[in-house]
Amino acid sequence: MSNVAEPGAPAAPVALTCGDPAGIGAEIAAGAWAALRDDPACAFFLVGDADWAASGGAPVARIGAPGEARAAFAAALPVLHRPLAAPAPAGRPEPANAPMVVASIEEAVALARAGEAGAVCTLPINKKALYDGAGFAHPGHTEFLAALAGVARPVMMLAGPQLRVVPVTIHIALADVPRALTGALIEDTVRVAAADLARDFGLARPRIALAGLNPHAGEGGAMGREEIEIIAPAVARLRAEGLDVAGPLPADTLFHAAARTRYDLAVCMYHDQALIPIKALDFDRGVNVTLGLPFIRTSPDHGTAYDIAGKGLAEPTSLIEALRLAASMAAMRAGAGVGAGVGAGVGAGAGT
């Protein structure tokens, strides 16, 4: 399964935000550059402090504009230098650097929307440092990106080599899920996911499987009525629109190897129902993708890892996959080729 779009003129390079400079961002950016430097289709540049970027161990080339990144990429990690306000010792978040962290995200988005960057890939942030140092008013990255784009409700997808999942409800208590789950929410989530899978993954009519909420998908109402009253009617309405949707299906039989060949995306009713199977299948290569934005956004599926920052232990695999997927999606969106991307080939006929 290819991880980048097949041939054609490459899209603009990916803009990588700096994330929290006290975390493992510089180290994994260096590791990703080393892994991808010989593949011009996966060229990226960092928006952040060049000296901090160099602390990760990669050679750094300061560039004046994104258009210079591809020429520099084989020899050094290209950086749009945006200086930090204060030192950034590993493992110790510094609120004084928060405004630059926020500005890095804003600039990367602006470059993507202007076509100077093909996509945005974000390194992990520390929300408390942003709250303390920049008055950050958003629960996290995704909500901030949605606000910058003017999008009311983006959709979170986790993509790996063997599985793609979307949770309908995300960071809420399990006890609150049945009250939050509505037919409209399910339908909106599926429509956004189907549209982006068609546009950015080359799946003209993606096959989407919906998990039930309750054990055995409610077993005909014996173990809950959400499947009968909420999920099944939503599935019927989506099918009437022409979408290839199946469900509600028992979650305990949805993720084994044979079942995964029958769909391109599993839509789950709550956070852990979606994230446990994908992380169990391949913890290191999962990629977080934000669907429903007017630009492409991916990120590694982990946090700042303060406990190992600066110790040479950081694993760059998830960032490598996030950058590959961002480049593949950008190429697809630009019409530069057809092809897979991380997790893009999941399902029957895709070689899984």
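The numbering scheme is per chain: residues are counted from 1 as the chain's sequence reads. Local features in this predicted model are restricted to residues of pLDDT 70 or higher, and side-chain atom pairs are both shown and tallied only at a pLDDT of 80 or more, whereas totals for entire chains, interfaces and linings draw on every residue. As a rule here, side-chain values cover all heavy atoms of the structure and leave hydrogens and water aside.

**Overview of the overall build of the protein**
Stage number 1. Only DSSP runs of H or I covering at least 4 residues are called helices, and only runs of E covering at least 2 are called strands; the numbering of each starts at the N terminus. Tallying secondary structure elements over the protein gives 12 helices and 12 strands in all.
Stage number 2. It is over C-alpha atoms that the radius of gyration is taken, and the globule rule equals 2.2 Å times the number of residues to the power 0.38. Since a compact globule built from 352 residues should have a radius of gyration of about 20 Å, the 20 Å found for the protein is in line with a globular shape.
Stage number 3. Principal-axis analysis of the C-alpha atoms places the extent of the protein at approximately 60 × 45 × 35 Å.
Stage number 4. Any pair of residues with heavy atoms lying within 4.5 Å of one another is described as a contacting pair. Counting only contacts in the protein whose residues sit at least 6 apart along the sequence, the fraction spanning at least 24 positions is 76%.
Stage number 5. Note on areas: these come from Shrake-Rupley sampling with a 1.4 Å probe, and a residue is covered only by the protein chains present in the view. For the protein, the accessible area works out to roughly 13,400 Å², and carbon and sulfur atoms hold 56% of it.
Stage number 6. The distance from the centre of the 26 positive side-chain charges to the centre of the 34 negative ones in the protein is 3 Å. The charge count treats Lys and Arg as positive and Asp and Glu as negative. His and the chain ends do not count. Charge positions are represented by NZ for Lys, CZ for Arg, CG for Asp and CD for Glu.

**A short note on the confidence of the model for the protein**
Stage number 1. What pLDDT conveys is the predictor's confidence in a given residue, as a value from 0 to 100. The share of residues in the protein with pLDDT of 70 or more is 92%, and the mean pLDDT across the chain is 90.
Stage number 2. Counted against residues more than four places away or in other chains, residues 1-8, with its pLDDT under 50, gives 32 contacts.
Stage number 3. Every residue in residues 336-352 scores below 50 in pLDDT, and together they form 70 contacts with partners more than four places removed in sequence or on other chains.

**Some thoughts on helix 11 (residues 271-281)**
Stage number 1. What helix 11 keeps buried is the set Q273, A274, L275, P277 and I278.
Stage number 2. Residues of helix 11 that are buried in the fold lie against strand 6 (155-159), strand 7 (164-167), strand 8 (207-211) and strand 10 (265-268). Only protein chains enter the calculation, and the probe is 1.4 Å; a residue is then buried if its accessible area is under 20% of its type maximum, exposed if over 50%, and partly exposed in between.

**Notes on the packing of helix 8 (residues 183-201) against helix 12 (residues 317-333)**
Stage number 1. Contact geometry for helix 8 and helix 12: axes closest at 7 Å, N-to-C directions at 85 degrees. With respect to their mutual orientation, helix 8 and helix 12 come out roughly perpendicular. In this structure, helix 8 uses R199, D200 and F201 to contact helix 12, whose residues at the interface are L325, M329, M332 and R333.
Stage number 2. Its residues placed into classes, the contact of helix 8 with helix 12 shows 4 nonpolar, no polar and 3 charged. Where helices are involved, their axes are fitted lines through C-alpha atoms of the stretch in contact, as for all axes, and angles between N-to-C directions lie from 0 to 180°. An angle below 35 degrees is treated as roughly parallel, one above 145 as roughly antiparallel, one from 65 to 115 as roughly perpendicular, and anything else as oblique. Gly falls in the polar group here, along with every residue not listed as nonpolar (Ala, Val, Leu, Ile, Met, Phe, Trp, Tyr, Cys, Pro) or charged (Asp, Glu, Lys, Arg).

**Quick word on the pairing of strand 8**
Along any regular strand, the residues point their side chains to alternate faces of the sheet.
Stage number 1. For strand 8, the buried fraction is high: 4 of the 5 residues fall into the buried class.
Stage number 2. At least two bridges found by DSSP between two strands are what make those strands a pair. Inspection of the sheet shows strand 8 paired to strand 9 (residues 244-249) by 4 bridges, in the parallel sense. Counterpart to A209 in the pairing with strand 9 is A246.
Stage number 3. By convention, a crossover is right-handed whenever its connection, traced from the first strand over the helix to the second and viewed with the strands pointing away, goes clockwise. You can see the chain leave strand 8, run along helix 9 (residues 226-240) and come back into strand 9, and the turn it takes is right-handed.
Stage number 4. One ladder, built from 3 bridges, connects strand 8 with strand 10; its direction is parallel. Residue pairing across strands places I208 opposite L265, the latter belonging to strand 10.

**What about the pattern of salt bridges?**
Stage number 1. Just to be clear on terms, a salt bridge is a Lys or Arg side-chain nitrogen sitting within 4 Å of an Asp or Glu carboxyl oxygen. Taken as a whole, this structure holds 17 salt bridges when the rule is applied.
Stage number 2. With its nearest N and O atoms 3.1 Å apart, the salt bridge here joins D196 to R199. Placement of both D196 and R199 in helix 8 is noted, with a separation of 3 residues, approximately one turn of the helix.
Stage number 3. Classification of D196 as buried rests on a relative accessible area of 7%.
Stage number 4. For R199, a relative accessible area of 36% corresponds to the partly exposed category.
Stage number 5. The salt bridge involving D264 is made with R207; its shortest N-O contact spans 3.0 Å. You can see D264 sitting in the loop between helix 10 (257-260) and strand 10 and its partner R207 sitting in strand 8, a full 57 residues away along the chain.
Stage number 6. Salt bridges sharing partners connect three or more residues here, namely E187, R191, R237 and E241.

**Examining the sheet that holds strand 6**
Hydrogen bonds along the backbone pair up the strands of a sheet, which may run parallel or antiparallel.
Stage number 1. With mixed pairing, 12 strands are arranged side by side in an open sheet as 3-4-2-1-5-12-11-6-7-10-8-9. A single partner strand is all that each edge strand has here, and the edge strands are strand 3 (60-62) and strand 9. Within the sheet, the average angular offset between the axes of one strand and its neighbour, ignoring direction, is 30 degrees.
Stage number 2. Contacts from helix 1 (residues 25-36) reach strand 1 (14-17), strand 2 (44-48) and strand 4 (77-81), with the element oriented near 165 degrees to strand 2.

**What to know about helix 5 (residues 127-134)**
Stage number 1. The N-capping residue of helix 5, defined by a side-chain oxygen 3.3 Å from the backbone nitrogen of K128, is N126.
Stage number 2. Looking at the residues trailing helix 5, positive phi occurs at G135, about 60 degrees. Nitrogen and oxygen atoms within 3.5 Å of one another constitute a polar contact, given that in protein one can donate a hydrogen and the other can accept it, and given that sequence-neighbouring residues count only through two side-chain atoms.

**Brief notes about the side chain of R164**
Stage number 1. Its place among the elements puts R164 in strand 7.
Stage number 2. With no salt bridge to any partner, buried R164 finds its closest opposite charge in D264, at an N-O distance of 4.8 Å.
Stage number 3. Of note is the side chain of R164, whose polar atom sits 2.6 Å from the backbone oxygen of D264.

**Brief notes about the domain arrangement of the protein**
Stage number 1. With domains assigned, the protein is organised as domain 1 (10-152 + 293-335) and domain 2 (155-290).
Stage number 2. Residue ranges labeled as domains rest on an automatic or database domain assignment. Taking the mean C-alpha position of each, domain 1 and domain 2 sit 29 Å from one another.
Stage number 3. Of the residues lining the interface, 16 residues belong to domain 1; the matching set on domain 2 comes to 14 residues.
Stage number 4. The buried area of a pairing is the accessible area, by a 1.4 Å probe, that goes missing from both parts when the two are put together, added over both. In this assembly, domain 1 packs against domain 2 so that about 1,500 Å² is buried in total across both faces, 55% of it on carbon and sulfur atoms.
Stage number 5. Here domain 1 is connected to domain 2 by 2 salt bridges.
Stage number 6. With its nearest N and O atoms 2.6 Å apart, the salt bridge here joins R333 to D200.
Stage number 7. In this structure, the connection of domain 1 to domain 2 is made through 5 residue pairs in polar contact (both at pLDDT 80 or more).

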